[in-house]
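What follows is each chain in one-letter form.
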Amino acid sequence: MPSMLRRLFTLLSALSLLLCVATSALWVRSCFKPFVLPFRQQDESCRATLVSGRLSIDNAPAVAAEMADLERDRAVVLAI
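Residues numbered from 1 in each chain as written. Predicted model: local features only at pLDDT ≥ 70, side-chain atom pairs only at ≥ 80, totals over all residues. Heavy atoms only, no water.

(A) Representation of the pairing of strand E3 (residues 54-58). Of all 5 residues in E3, 0 are buried; the element is thus mostly exposed. Pairing analysis gives 5 bridges linking strand E2 (residues 45-51) to E3, with the strands arranged antiparallel. Looking across to E3, one finds that Val 51 is bridged to Arg 54. Between E2 and E3, which follow one another and run antiparallel, lie 2 residues, and Ser 52 among them has a positive phi close to 50°. (Buried < 20%, exposed > 50% of the residue type's maximum accessible area, 1.4 Å probe, protein only. Helix = DSSP H or I, 4+ residues; strand = E, 2+ residues; numbered from the N terminus. Pairing = 2+ DSSP bridges.)

Here it is, written out as C-alpha cells:
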C-alpha cells in the first residue's frame with residue numbers, strides 16, 4: 001500500500017512539474033509573440049489572448065459582429 005501511494009505521489013508531482021514548465025514556456029513565448037485562442041461560449045464568439053505575459057478573455061468578436069448587424073440594420077432603416 002505505501003508503494004502505491006508513493007507512485008501516485010510521484011506521478012502527480014511529475015504532472016505538476018510538466019504543467020509548471022508548459023505554463024512558463026507559454027508565458028515566456030508571449031513576451032515575443034502573442035497567442036490568441038478563439039472559442040465559443042454559449043453560442044457567442046470569444047477569445048483568450050496572451051500578450052506580454054498578460055492573459056485576457058473577452059468577447060470582442062461577438063461585439064464586432066453585433067455592431068456590424070446594428071450598422072446594417074441602421075442602413076436599411078435610413079434607406080426607407
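(B) Representation of unusual backbone geometry within the structure. The phi dihedral of Ser 52 falls on the positive side, at around 50°, and the residue is not glycine. Summarising the element assignment, Ser 52 is placed in the loop between E2 and E3.

(C) Just the sheet that holds strand E1 (residues 35-40), in detail. The 3 strands are arranged E1-E2-E3 in an open sheet whose pairing can be described as antiparallel. In the strand order of this sheet, the two ends are held by E1 and E3, each with one partner. Put simply, the sheet's adjacent strands are angled 15° from each other on average, direction ignored. Here helix H2 (residues 60-79) sits on the sheet in contact with E2 and E3, set at roughly 135° to E2. (Axes fitted to C-alpha atoms, helices over the stretch in contact; angles between N-to-C directions. Contact = heavy atoms within 4.5 Å.)

Geometry only, nothing functional implied.
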